[in-house]
Amino acid sequence: MRFPLNLFRADPVKARASQLYEAILAEARAPRLYAELGVPDTVDGRFDMIVLHAALVMRRLREEGEGGQKLAQALFGRLFDDMDAALREMGIGDMSVGKKIKTMAEAFYGRAAAYDGALKAGDAGQLKAVLWRNLFDDAPEHEGAAEALSRHAIAADQQIRSMPADQLLEGRLGALAVA
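Summarised in this report is the structure supplied together with it. Because the structure is predicted, anything quoted here is derived from the model rather than measured.

Comments concerning the overall build of the protein chain
Helices and strands together make up the secondary structure of the protein chain, namely eight helices and zero strands. The N-to-C order of helical and strand elements in the protein chain reads α-α-α-α-α-α-α-α. By the compact-globule yardstick of 16 Å for 179 residues, the protein chain fits well, its C-alpha radius of gyration being 17 Å. Judged by the C-alpha coordinates and their principal axes, the protein chain covers about 70 × 40 × 25 Å. In the protein chain, buried positions account for 43% of the 179 residues. A total accessible area of about 9800 Å² is found for the protein chain, and carbon and sulfur atoms account for 54% of it. Within the protein chain, one finds 23 positive and 26 negative side-chain charges whose respective centroids are separated by 6 Å.

Shown next as structure tokens:
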């Protein structure tokens, strides 16, 4: 009787997705986003930073053929596995986790589409408006923070787009050097 040799091997796509996710978390947790750019240091603010950076990476991956699309899907799965675990760790009951994950996934898709649309159009004003609405509820006192965050997102997107495809497909994002 032969046993499948890959039964206990890690899925290489999932492993690369986990590497990318860890790099995205590092970017989303960067203290300057909160201290200098004015992102609210709340659960929602941190979720939005994870979504922003993950959406930028997935946007690039989708352009890299089937391998990039599979990796983007695995990255999405890894992100929401982590969100599920975080909700459970916060004490959210099993009956509520599914509903909350569904709401978070809808928020992810909505934000990712809005970011993608603004970036494809090269419209910094549109991107600022999306960030202002989602993170700051259009509060006038936070318009400058939304402007700074949109500059950050554009610079991060440009840096991700300039990375060699094989680097991303191997799960290596590295630190983004954006101002």
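Continuing now.
Brief notes about the packing of helix H5 (residues 94–121) against helix H6 (residues 124–136)
Direction vectors running N to C along H5 and H6 enclose 160 degrees, while the axes themselves pass 8 Å from each other. Regarding the angle of H5 to H6, the classification is roughly antiparallel. Residues Arg 111, Ala 114, Tyr 115, Gly 117, Ala 118, Leu 119 and Ala 121 of H5 form the contact with H6, whose own contacting residues are Gln 126, Leu 127, Val 130, Leu 131 and Asn 134. Its residues assigned to classes, the contact of H5 with H6 shows eight nonpolar, three polar and one charged.

Describing helix H3 (residues 43–61)
For H3, with 19 residues, the first-to-last C-alpha span of 27 Å sits near the 27 Å given by 1.5 Å per residue. Buried residues dominate H3, accounting for 16 of its 19 residues.

What to know about the nonpolar core
Membership of the largest hydrophobic core comes to 60 residues, with the highest contact counts inside it found for Met 49, Leu 75, Phe 80, Met 83, Phe 108, Leu 149 and Leu 173. Elements supplying a minimum of two residues to this core: helix H1 (12–28), helix H2 (31–35), H3, helix H4 (65–89), H5, H6 and helix H7 (143–162). Apart from residues lying up to four places away in sequence, Met 49 is in contact with Ala 28, Leu 33, Tyr 34, Val 39, Leu 135 and Leu 149.

Criteria and cut-off values
Residues numbered from 1 in each chain as written. Predicted model: local features only at pLDDT ≥ 70, side-chain atom pairs only at ≥ 80, totals over all residues. Heavy atoms only, no water. Helix = DSSP H or I, 4+ residues; strand = E, 2+ residues; numbered from the N terminus. Rg over C-alpha atoms; globule rule 2.2 N^0.38 Å. Buried < 20%, exposed > 50% of the residue type's maximum accessible area, 1.4 Å probe, protein only. Areas by Shrake-Rupley, 256 points an atom, 1.4 Å probe, with all protein chains shown as cover. Lys, Arg positive; Asp, Glu negative; His and termini not counted. Charge placed at Lys NZ, Arg CZ, Asp CG, Glu CD. Axes fitted to C-alpha atoms, helices over the stretch in contact; angles between N-to-C directions. Parallel < 35°, antiparallel > 145°, perpendicular 65-115°, else oblique. Contact = heavy atoms within 4.5 Å. Nonpolar A, V, L, I, M, F, W, Y, C, P; charged D, E, K, R; others polar. Expected span 1.5 Å × (residues − 1). Core = buried A, V, L, I, M, F, W, Y, C linked by side-chain atoms within 4.5 Å.

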